[in-house]
Amino acid sequence: MANIIDGKLISKQIKDELKEKVCELNKKGTEVCLAVIQVGNDPASTVYVGNKKKACEYIGIKSLAYELPEETTEEELIQIIEKLNQDDSVHGILVQLPVPKHINDENIINAISPLKDVDGFHPASVGALSIGKKGFVSCTPAGIIQLLKRSQIEISGKECVVVGRSNIVGKPMAMLLLRENGTVTVCHSKTKDLKAVCKRADILVVAIGKPKMIDASYVKEGATVIDVGIHRNENGKLCGDVDYESVEPVAGAITPVPGGVGPMTIAMLMNNCVESVLQEI
Ligand code: GUN
């Protein structure tokens, strides 16, 4: 029987800690402010953006909502970002991805000042992470480190296997585990004998985007299993990249889907917004 890592509870703790920090900042006359930009009306993006605004409200962060039409040009979007870069009352800028096809997302990410890059996607933020310098860290992997630390799961010296090499999760996850002195292996679609590599892991982070792909045969007895995936099956039920029913009896600790990694992403976004202010003070 695995310990269930309760991301909902841990994210609530983090948000409550942030609420106190924001309250202290307010007393000193600083209002924390996040600008959230959505271009077009992709339904999933609208849900994500809505959840981000709700988290801001809960913590006491001001959110500036930019709901731009689908036809917005890349130049227009960059102009808005540049204005927000210059605005001292704005501490974080987030452009919800994906943007419409006629806009190059790399140009958009590059336009955001690294000082306000609360998503941690700017090349300067990514570079800082890889050389151990200060900078914003991508929210999902940062949230996973918090889940491990707040569940008293030691990372130092442990075999950490990350399945998936995306810029948003897999790569920064590997960097963060390395920063915590884990011994890190990154697996991907060309990895030979994925099962054998996963089975070495004390900490297995799965971010492959394939429903229930990782079953008990990939997991060492007592390992910590972190599931980044989120999928909806034919019956409308949510599941992850990990086959929870199969893995739970073997693992030492496991994140459920939903209620594991998911809630941590927004909590860490809020954390980055507050950090953005604290760096200035
Ligand atoms: N789209 C899906 N996840 C994210 C995220 O974490 N940040 C942004 N900006 N867009 C996303």
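The structure this text deals with has already been given above.
Predicted model, so just to flag it, every value in this text is computed and none were measured.

A.B. asks: It is not clear to me how unusual backbone geometry should be interpreted in this structure. Could you clarify?
C.D. replies: The phi torsion of most residues other than glycine is negative, and most of the peptide bonds are trans. That bond from Leu97 to Pro98 is cis: its omega, 0°, falls within 30 degrees of zero. Locating Pro98 in the fold gives a position in the loop between strand 4 (92–95) and helix 4 (105–111). Note that the residue after Val257, namely Pro258, is joined by a cis bond; omega there is 0°. Tracing the sequence through the fold places Pro258 in the loop between strand 11 (253–254) and helix 10 (262–278). Positive phi, normally seen in glycine, also occurs at Gln152, with a value near 55°. With respect to the helices and strands, the residue Gln152 is situated in the loop between helix 6 (139–150) and strand 5 (159–163). Owing to a relative accessible area of 70%, Gln152 belongs among the exposed residues under this scheme.

A.B. asks: Would you mind showing me how to read the site of the ligand here?
C.D. replies: In the vicinity of the ligand, the residues found are Lys52, Leu94, Val95, Gln96, Leu97, Asp119 and Phe121. Gln96 places a side-chain nitrogen or oxygen 3.1 Å from a nitrogen atom of the ligand. Within the shell around the ligand, the residues separate by chemical class into 4 nonpolar, 1 polar and 2 charged.

A.B. asks: In this structure, what is going on with the environment of Lys15? I would like to understand it.
C.D. replies: Checked against the element boundaries, Lys15 lands in helix 1 (residues 7–27). With 40 residues separating them in the primary sequence, Lys15 and Ala55 have C-alpha atoms 8.1 Å apart. Not counting chain neighbours up to four residues away, the residues in contact with Lys15 comprise Tyr58, Ile59 and Ala267.

A.B. asks: Explain the environment of Leu68 here, please?
C.D. replies: With respect to the helices and strands, the residue Leu68 is situated in strand 3 (residues 62–68). Classification of Leu68 by relative accessible area gives buried; the value is 14%. Separated by 14 residues in the primary sequence, Leu68 and Lys54 place their C-alpha atoms 19 Å from one another. Sequence-distant contacts of Leu68, defined by excluding residues within four places in its chain, comprise Ile37, Gln38, Val39, Gly40, Leu77 and Ile80.

Parameters at a glance
- Residues numbered from 1 in each chain as written.
- Predicted model: local features only at pLDDT ≥ 70, side-chain atom pairs only at ≥ 80, totals over all residues.
- Heavy atoms only, no water.
- Helix = DSSP H or I, 4+ residues; strand = E, 2+ residues; numbered from the N terminus.
- Buried < 20%, exposed > 50% of the residue type's maximum accessible area, 1.4 Å probe, protein only.
- Near = heavy atom within 4 Å.
- Polar contact = N/O pair within 3.5 Å; in protein donor to acceptor, adjacent residues only side chain to side chain.
- Nonpolar A, V, L, I, M, F, W, Y, C, P; charged D, E, K, R; others polar.
- Contact = heavy atoms within 4.5 Å.

By themselves, these figures tell us nothing about what the structure is for.
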